Structure formats: structure tokens, C-alpha cells
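# What the coordinates show
Each chain, written out:
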Amino acid sequence: MKIICVGRNYTEHIEELQNEKPEEPILFHKPDTSVLLKKQPFFIPDFSDDIHYEVEVLVKIKKIGKHIQQKFACKYYDEIGLGIDFTARDLQQKLKEKGLPWEKAKGFDGAAVIGDKWLKSKDFDSVNNLNFHLLMNDEIVQQSNTSLMLWKIDELIAYISTYFTLKIGDIIFTGTPAGVGKVSPEDRLSGFLEGKKMFSIKVK
Ligand code: ZN
């Protein structure tokens with residue numbers, strides 16, 4: 001199973017990090033070892049003093065495919081989830097300045113939270129109009145809607161599958177909206193998609 005992540009897919013998040021708006025989607029991978037194990041807390045790694053949460057809508061691939069046309073992309077998934085792309089922002093900043101890959105800042109152990117709850121895409125009128133938010137200690141820190149993605153889910157699947165064969169069980173992290181921020185020990189993060197609680201984790 002592989003995890004493919006999309007960077008800079010919401011305008012307000014691009015602005016808050018003062019990044020340039022990309023001309024095409026930015027892709028990176030997280031290794032399978034980055035998945036936070038079920039019911040485990042997230043441990044802040046020693047190599048960073050600035051770990052950020054990034055809540056993201058997830059798409060689980062159910063059929064193998066490459067060069068998938070956008071109009072057929074919906075046949076390749078039927079479940080939508082929610083997760084966190086934990087990011088060592090200090091390390092990422094250093095790597096970005098040198099033009100180096102972000103993998104160390106994004107792919108470390110525990111950096112991929114995949115909520116264990118999944119919702120059926122057929123239960124929604126459109127996957128391009130889903131509300132989601134992240135609570136940190138009962139305060140809403142990120143809140144958005146998938147309609148605000150620069151590249152929508154089906155466009156992403158078409159784009160990604162131009163480069164990487166998608167396989168059953170692969171998961172796409174579709175990018176984070178504005179409001180990213182630092183986590184501290186004892187924080188609790190809970191994610192909601194269309195009002196349903198999708199995960200809840202503790203930071204240590
Ligand atoms: Zn992200």
C-alpha cells in the first residue's frame with residue numbers, strides 16, 4: 001500500500017505559508033511505516049521542535065489503474081476518509097530552501113494519521129462538497145470544504161495515475177486547508193467529516 005499526498009491544494013493554506021501557487025499538483029509519498037498505528041498516541045519526534053497538524057480528506061483506491069481519465073476516476077474509489085499529514089515544519093523549511101525533497105519532514109514514523117472510519121462516496125451528492133474540520137482540545141483549528149480544492153478528487157486521480165499506477169488500498173491525502181499549527185504534548189486532535197467523527201488521537 002502506498003500513500004500519495006498532494007501539497008498546496010487550498011488557496012488560503014498556500015497564502016498562510018507564503019508559498020507560490022503551483023501550476024500543477026505537487027505530489028509526494030509517505031512510506032507505509034509512517035502510518036500511525038491504531039489507538040496509539042502520536043509521539044513528537046526528537047528531530048523537530050515544530051510539528052504541525054494538517055487535516056486532510058482521504059480517498060481509498062479500490063481498483064488498480066493507470067492513465068485514468070478524469071471522467072472515469074469515480075470508478076476507482078468508493079470510500080472517503082479523513083486523516084492528518086503531520087509535518088516537521090522546521091525541517092521542511094530547511095529542505096525547501098535547499099530545493100531538496102520533503103520526505104524526511106513528511107514521511108517519518110507516525111506522520112500519517114488515517115482515520116479508521118470511512119464514509120461511502122455514494123451517500124453524498126458530490127465528493128466536491130464535503131465539510132470537514134479539526135478540533136484541537138475542543139477548539140476548531142481547521143475548517144473547510146472540498147469545493148475549495150484547487151484540484152478536485154477526480155482531477156487528482158487522473159493526474160496521479162499519469163505517473164504512478166494506483167493499486168487497491170492506496171490512499172490519497174488531498175491536501176490541507178488553512179489553519180495549520182503546532183502540536184504540543186497532551187493535545188488531543190479529533191477530525192470530523194460531514195459531522196461524523198473520523199478519528200481522535202492524543203499527542204505525546
Ligand atoms: Zn499535507
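Up top is the structure these notes are about.
Residues numbered from 1 in each chain as written. Predicted model: local features only at pLDDT ≥ 70, side-chain atom pairs only at ≥ 80, totals over all residues. Heavy atoms only, no water.

## Some remarks on the environment of phenylalanine 72
- Its place among the elements puts phenylalanine 72 in the loop between strand E4 (55–61) and strand E5 (77–85).
- Take phenylalanine 72: its relative accessible area is 38%, and that puts it in the partly exposed class.
- Taking the C-alpha atoms as reference points, phenylalanine 72 and alanine 158, separated by 86 residues in sequence, lie 8.7 Å from one another. (Helix = DSSP H or I, 4+ residues; strand = E, 2+ residues; numbered from the N terminus. Buried < 20%, exposed > 50% of the residue type's maximum accessible area, 1.4 Å probe, protein only.)

## Here's the deal with the coordination of the zinc ion
- Looking at the metal site, the zinc ion is ligated by Glu54 (OE), Glu56 (OE) and Asp85 (OD), spaced 1.9 to 2.1 Å from it.
- For the zinc ion, all donor residues lie on one chain, and their spacing in sequence is E-x1-E-x28-D. Assigned by exposure class, glutamate 54 and glutamate 56 land together as buried. (Donors = N, O, S within 2.8 Å, 3.2 Å for Na, K, Ca; no water.)

## A few points about the pattern of salt bridges
- Per the counting criterion, the structure on display carries nine salt bridges.
- Linking lysine 2 and aspartate 170 is a salt bridge whose minimum nitrogen-to-oxygen distance equals 2.6 Å. Of this pair, lysine 2 sits in the segment before strand E1 (3–7) while aspartate 170 sits in the loop between helix H4 (153–163) and strand E11 (171–173), and the two are 168 residues apart along the sequence.
- The exposure class of aspartate 170 is buried, given its relative accessible area of 2%.
- In this structure, the salt-bridge partner of lysine 30 is aspartate 85, at a minimum N-O distance of 2.6 Å. Residue lysine 30 is found in strand E2 (residues 26–30), and its partner aspartate 85 is found in strand E5; the two are separated by 55 residues along the sequence. The same class applies to lysine 30 and to aspartate 85, which are both buried.
- A network of salt bridges, in which partner residues are shared, links Lys30, Glu54, Asp85, Arg89 and Lys106. (Salt bridge = Lys/Arg side-chain N within 4 Å of Asp/Glu carboxyl O.)

## Points about the sheet that holds strand E6 (residues 87–88)
- Ordered by their spatial adjacency, three strands build an open sheet running E6-E3-E12, and the pairing between neighbours is antiparallel. In this open sheet, the two strands that pair with only one neighbour each are E6 and strand E12 (181–182).
- Relative to E6, strand E3 (residues 51–53) runs antiparallel, the two sharing two bridges. Along E6, the bridge assignment pairs histidine 52 with threonine 87. (Pairing = 2+ DSSP bridges.)

## A few points about the side chain of glutamate 54
- Position of glutamate 54 among the secondary structure elements: in the loop between E3 and E4.
- A polar contact of 3.2 Å, which involves the side chain of glutamate 54, links it to the side chain of lysine 106.
- For glutamate 54, the residues in contact, after removing those within four places along its chain, are His13, Gly83, Ile84, Asp85, Thr87, Arg89, Lys106, Gln142, Thr176 and Val180. (Polar contact = N/O pair within 3.5 Å; in protein donor to acceptor, adjacent residues only side chain to side chain. Contact = heavy atoms within 4.5 Å.)

## Considerations on the environment of glutamate 12
- Within the fold, glutamate 12 resides in helix H1 (residues 11–16).
- On the basis of relative accessibility, which here comes to 56%, the residue glutamate 12 falls in the exposed class.
- Residues glutamate 12 and isoleucine 140, spaced 128 residues apart in sequence, show a C-alpha to C-alpha distance of 16 Å.

## Quick look at unusual backbone geometry
- For lysine 39, which is not a glycine, the phi torsion comes out positive at approximately 65°.
- By the secondary structure assignment, lysine 39 is in the loop between E2 and E3.
- Given a relative accessible area of 84%, lysine 39 falls into the exposed group.

## Overview of the pairing of strand E9 (residues 131–136)
- Burial within E9 is extensive, with five of its six residues counted as buried.
- Looking at chain direction, E9 and strand E10 (residues 139–145) are connected through six bridges and run antiparallel. Among the inter-strand pairings, leucine 135 is bridged to a residue of E10, identified as isoleucine 140.
- Note that E9 and strand E13 (residues 188–193) share five bridges and pair antiparallel. When the sheet's bridge partners are listed, histidine 133 is paired in E13 with phenylalanine 192.

## Observations regarding the environment of serine 190
- Assignment of secondary structure puts serine 190 in strand E13.
- Sequence separation between serine 190 and lysine 202 is 12 residues, and the spatial gap between their C-alpha atoms is 8.9 Å.
- If we ignore the near neighbours within four places in the chain, the residues touching serine 190 are His133, Leu134, Leu135, Lys197, Phe199 and Ser200.
- At 3.1 Å, the side chain of serine 190 forms a polar contact with the side chain of serine 200.

From the geometry alone we can't say anything about function, so treat these as descriptive.
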